[in-house]
Amino acid sequence: MSRKRTVVLISGRGSNMTALIAAAVDPTYPAEIVGVISDRANAAGLGIAQSRGIATKIIQRADHPSKDAYDAAIDAALTGFGADIVALAGYMRILGRGLVEKWQGRMVNIHPALLPAFKGLDTHARAIRAGVRIHGCSVHFVTPEMDDGPIIAQAAVPVMVGDNEDSLAARVLKAEHRLYPLALGLVAEGKARMEKGHTVLAHFADDADNATSVVMAPDPLREETDLEQLARITP
């Protein structure tokens, strides 16, 4: 099996990056993590990647005279790594249209909300303010418009009575760490691809396989509560 060479872009602690690296330790996983790029020299995720023997590169906006020059440096690094797929994992910069379009269909992102709800920042606080009872995360193909690309897979978690932003964020993060490896695997295997602005999913063997491959109700749901209790607290 030819594994897809994947480069991860981070800005901070790199917890989703770490989940992808852990998944790729399995030689049967269809993607291998060959490089990590950060826009911040002090990103904790750089040390984690280096400790796993993965090449890292720091590309900071301040070191480049223009946004186009910055995007060109990222593109050159991706090409240098021989990237087949680019995975954004807590990368906090918006990439330029030209770079995104060049890598379109091969660039994915994880967002801490059930898109198309709560695009942008502060998703957990906004979910609590909105009074939603179900929240979660989404992996999607990246397009020039922020958090607007076709959805590949999603995971849902309950919003519990008494939740605050931190407790909800922690529950969603557990789901992210399971969802991102699953979704990257689908893309690397060619089971999820972007065509004409939509995600096209391969035919799965049966409905159960289909459902578990693109929608998750992760273990945190069962750890926090059972379905009867969730029904009792859900209007």
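Just so we're clear, the structure is a prediction, and the values are computed from it rather than from any experiment.

Scoring rules and cut-offs
- Residues numbered from 1 in each chain as written.
- Predicted model: local features only at pLDDT ≥ 70, side-chain atom pairs only at ≥ 80, totals over all residues.
- Heavy atoms only, no water.
- Core = buried A, V, L, I, M, F, W, Y, C linked by side-chain atoms within 4.5 Å.
- Buried < 20%, exposed > 50% of the residue type's maximum accessible area, 1.4 Å probe, protein only.
- Helix = DSSP H or I, 4+ residues; strand = E, 2+ residues; numbered from the N terminus.
- Contact = heavy atoms within 4.5 Å.
- Pairing = 2+ DSSP bridges.
- Right-handed = clockwise from strand over helix to strand, strands pointing away.
- UniProt positions renumbered as here; feature names shortened; annotations may be inferred.
- Polar contact = N/O pair within 3.5 Å; in protein donor to acceptor, adjacent residues only side chain to side chain.

Colleague: I'd like a description of the nonpolar core, backed by residues and values.
Modeller: Ranked by internal contacts, the top residues of the largest apolar core, which has 44 residues, are Val 8, Ile 33, Val 36, Val 108, Val 139, Ile 152 and Tyr 180. Considering every element that reaches this core, the biggest residue donor is helix α6 (residues 165-189), with 10 residues. Beyond its immediate sequence surroundings of up to four residues, Ile 152 is in contact with Val 108, Val 139, His 140, Phe 141, Ala 183, Leu 186, Val 187, Ala 192, Thr 199, Leu 201 and Val 214. Core analysis: the second largest hydrophobic core is formed by 21 residues, Val 34, Ala 77, Leu 95 and Met 107 among them.

Colleague: Give a detailed account of the pairing of strand β5 (residues 107-111), specifying residues and quantitative values.
Modeller: Across the 5 residues that make up β5, a large majority, 5, are buried. The alternating pattern of β5 places Met 107, Asn 109 and His 111 on one face and Val 108 and Ile 110 on the opposite face, and all of these are buried. Both strand β4 (residues 85-88) and β5 contribute to a ladder of 3 bridges, which runs parallel. Opposite Leu 88, over in β5, you have Asn 109 as the bridge partner. Taken together, β4, helix α4 (residues 97-102) and β5 constitute a β-α-β crossover, and its handedness is right-handed. Direction of pairing for β5 relative to strand β6 (residues 134-141): antiparallel, over a ladder of 4 bridges. Bridge assignment links Ile 110 to a residue of β6, and that residue is Val 139.

Colleague: Summarise the UniProt feature "binding site: (6R)-10-formyltetrahydrofolate" (unreviewed entry) in the protein chain; cite the residues concerned and give the values.
Modeller: According to UniProt, the "binding site: (6R)-10-formyltetrahydrofolate" (unreviewed entry) feature falls on Lys 67, Met 92, Arg 93, Ile 94, Leu 95 and Asn 109. Mapping Ile 94 onto the fold places it in the loop between β4 and α4. The class of Ile 94 is exposed, set by a relative accessible area of 54%. Non-local contacts of Ile 94, meaning those with residues more than four positions away in its chain, are made with Lys 67 and Met 146. Relative to the helices and strands, Leu 95 is located in the loop between β4 and α4.

Colleague: An account of the UniProt feature "binding site: N(1)-(5-phospho-beta-D-ribosyl)glycinamide" (unreviewed entry) in the protein chain is requested, with residue identities and associated values reported.
Modeller: As recorded in UniProt, the feature "binding site: N(1)-(5-phospho-beta-D-ribosyl)glycinamide" (unreviewed entry) lies at Gly 14, Ser 15 and Asn 16. In this fold, Ser 15 is placed in helix α1 (residues 15-24). With sequence-adjacent residues up to four places away left out, Ser 15 is seen in contact with Leu 173 and His 177. Considering the arrangement of structural elements, one finds Asn 16 in helix α1.

Colleague: Tell me what's going on with the environment of Val 100, and back it up with residues and numbers.
Modeller: Mapping Val 100 onto the fold places it in helix α4. The sequence separation of Val 100 and Glu 145 amounts to 45 residues, and the corresponding C-alpha distance is 9.7 Å. In this structure, Val 100 is in contact with Leu 95, Val 142, Thr 143 and Pro 144, ignoring residues within four places of it in sequence.

Colleague: Please provide a residue-by-residue account of the side chain of Thr 143, values included.
Modeller: Structurally, the position occupied by Thr 143 is in the loop between β6 and β7 (151-158). A relative accessible area of 14% means that Thr 143 is categorised as buried. Of the polar contacts made by the side chain of Thr 143, one reaches the backbone nitrogen of Gly 149; its length is 3.4 Å. Setting aside its immediate chain neighbours within four residues, Thr 143 contacts Val 100, Gln 104, Asp 148, Gly 149, Pro 150 and Met 194.

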